[in-house]
Amino acid sequence: MKKALKPILLTLLVMGVLTGGAVFLLTGGSGTTSEFTKRIAAEQNDQEASRGYRFDTDQGAVPLLTSGEDKNVLNFDSQNPYQISTSTEARARLDRLIKRTTATLESPIIAANPFGTNENTFYFYFETSYRGMIRYTVMVADEAISDHVRYVNNGKENNLSQTHEFTVSGLVPGMKNYIKIEVLDSTGAQRESQVYKCDVPGSQASVRLSMQEGRSKELCESGLFFVFPANDKKIYAYDNAGVLRNTVQTETGHGRRIYQSGDSVLYQVSDTKLAKVSALGQVTGVAQVSGYGKIRDFAYDGYEYVYCLVNKKKRDVLLSVSIQTGQAKEVFAFPKGVKTVSMTTPQAGSIYVACGNPQGLVKLEALTGKTPKVAFVLGKKSDWRKAGWKKKTTEDQTVVRWNMANTLLNLDETQQTAGKTQISAYVSDNGKGTGLQFGVDEGQKSVEVKNSFPVGQGGSCGCQAYGKHFLISGNGNGTYEEYDKEGNVTRQFSLGRAMENVVKLSLNGMCFYGGE
């Protein structure tokens, strides 16, 4: 019996090896494991205590040089970055160089901010003989500043590719930065690596914000806080530790919004102009609003149209502008007595508009149709009649209590259900500043408050539902904090000067890979 058992065991062993090999070949290494996915999430959260910098990091690092005999970084003309022709010319120059160069990890194509949209960034291009993914780590010698780790999203299956083109951001202004670029396999094991170093110019903005830990036992959600300071035309991106990681250039002004849609972001670059920008920093679309004054608020449908609240002949107007053709169209003109404040992202051809006088919410639908119409209004009936509003108004007692003169509406895109729209906003509720998450029942034409944060700050404030948390900003005093659903603060940050708004974005699927 024992003699017969050996061949059986040997056969099973061989079959197991062959089966394992077949599974590996069929899955291409099976993509990311759950352990690897957890590791990716933890490393990209900017709250890891471990640091990659060592006393000998500087010795093997290759200097990034934009001039001199040993120059290895290309310089580009960064004037007029928000003209599509400027970005197109920069892209063509890179493509010509890629075509005639054999770029490798040891000898990559490197360019300093080639599209001119993001300060202190470096474009990289190289190829490998095998499929891999890129992780880059930005390190500084200061032990108080944690590493900035990101996995590049290359858009390929299992995030594995032989071609690697990406932009490194996250460099700390005013310090010597070290950039470690690694090529990883599907399990996260390193195949190759290279370290670079560069001195980064200082910034007029605070490099490290004042930060306080809250009572929450939860970590901040992964992502970057995009801060819009008052009287400053740049947008500053801070990580979960309050460290400045990116500076977005504009032309003359930044507005109050930034949207991520797929592999691009969209934001204002002046009072009347918006730009769509790719993960590499390339401008791929521009929308210019002419003849309507300043853009009061805007929203992006994620495809072609940007919707703007503007004013013409003393009437507030909802305008749509094609990001592809630049063509503008008046969607809806409000009566002269109605003053609009902000709006949600369009969803299924509908949009919500917050009004400050009279106070209330207006739902518009059929935005892309020939005759967009008002679905309903939530507010005080007598106030809306005085404003010359002849359409049907539903007097919801919850909405009647709200003062929405300074509010910014945010659509909670992951929380939508049929017939109900989830919105987050900061309002004055019976005279007390409150961050809200509420649902609008479109059948009943009523509002139900899901979460309430009566923090008591007045004036211009913001509330954004983000992941499982909430971001509340006190724009006048320049503070913002992230709350968990129990109403406890995870961390509080202070910019030290007035802001227009703060928006948190993950940039997952755009610049960074989440391991899904």
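Everything below is about the structure shown above.
All figures in this text were calculated on a predicted structure; none of them were measured in a lab. (Residues numbered from 1 in each chain as written. Predicted model: local features only at pLDDT ≥ 70, side-chain atom pairs only at ≥ 80, totals over all residues. Heavy atoms only, no water.)

**Things to note about the environment of Thr 187**
- Of note, Thr 187 is situated in the loop between β7 (176–184) and β8 (190–199).
- What makes Thr 187 partly exposed here is its relative accessible area of 42%.
- For the pair Thr 187 and Ser 34, spaced 153 residues apart in sequence, the C-alpha separation works out to 9.9 Å.
- Within the local environment of Thr 187, its side chain forms a polar contact with the side chain of Asp 185, the two groups lying 2.7 Å apart. (Helix = DSSP H or I, 4+ residues; strand = E, 2+ residues; numbered from the N terminus. Buried < 20%, exposed > 50% of the residue type's maximum accessible area, 1.4 Å probe, protein only. Polar contact = N/O pair within 3.5 Å; in protein donor to acceptor, adjacent residues only side chain to side chain.)

**Some words on the sheet that holds strand β34 (residues 489–494)**
- With antiparallel pairing, the five strands of this open sheet are ordered in space as β9-β34-β33-β32-β31. A strand with exactly one partner marks an edge of an open sheet, and here the two such strands are β9 (210–213) and β31 (461–466). Neighbour-to-neighbour, the strand axes of this sheet turn through a mean angle of 15 degrees, independent of strand direction.
- The sheet contact formed by β31 and strand β32 (residues 469–474) spans six bridges and is antiparallel. Directly across from Ala 465, in β32, lies its bridge partner Phe 470. (Pairing = 2+ DSSP bridges. Axes fitted to C-alpha atoms, helices over the stretch in contact; angles between N-to-C directions.)

**Here's the deal with the layout of surface pockets**
- Each pocket or cavity is described by its volume, and for the largest pocket that value is around 1200 Å³.
- If you list the elements that add at least two residues to the lining of the largest pocket, you get α2 (34–43), β13 (258–261), β27 (410–411), β31, β32 and β35 (499–505).
- Tallied by class, residues from the lining of the largest pocket come to 20 nonpolar, 22 polar and eight charged.
- Its volume calculated, the second largest pocket comes out at about 680 Å³. (1 Å grid on protein atoms, 1.4 Å probe; cavity = no way out; pocket = protein on both sides within 12 Å on 5 of 7 lines; lining within 4 Å. Points joined across faces, edges and corners; volume = space filled by probe spheres on them. Nonpolar A, V, L, I, M, F, W, Y, C, P; charged D, E, K, R; others polar.)

**Examining a positive patch on the surface**
- Taken together, Lys 71, Arg 93, Arg 96 and Arg 100 make up a surface patch of like positive charges.
- Mapped onto the fold, Lys 71 is located in the loop between β1 (62–63) and α3 (84–100). (Patch = residues over 30% accessible without salt bridge, like charges linked within 9 Å, V, L, I, M, F, W, Y side chains within 5 Å. Areas by Shrake-Rupley, 256 points an atom, 1.4 Å probe, with all protein chains shown as cover. Salt bridge = Lys/Arg side-chain N within 4 Å of Asp/Glu carboxyl O. Lys, Arg positive; Asp, Glu negative; His and termini not counted. Charge placed at Lys NZ, Arg CZ, Asp CG, Glu CD.)

**A word on the pattern of salt bridges**
- In the structure shown here, the tally under the stated rule is 22 salt bridges.
- When the shortest N-O distance is used, the salt bridge between Glu 213 and Arg 491 registers 3.1 Å. Of this pair, Glu 213 sits in strand β9 while Arg 491 sits in strand β34, and the two are 278 residues apart along the sequence.
- Take Arg 491: its relative accessible area is 12%, and that puts it in the buried class.
- Of the charged contacts in the structure, one is a salt bridge between Glu 251 and Lys 273, with a shortest N-O distance of 3.0 Å. Highlighted residues: Glu 251 in the loop between β12 (244–248) and β13 and Lys 273 in strand β15 (residues 273–278), separated in sequence by 22 residues.
- Under the relative-accessibility criterion, Glu 251 is labelled partly exposed at 29%.
- Residue Lys 273 is classed as buried on the basis of its relative accessible area, which comes to 9%.

Limitation: the analysis is restricted to geometry and does not speak to function.
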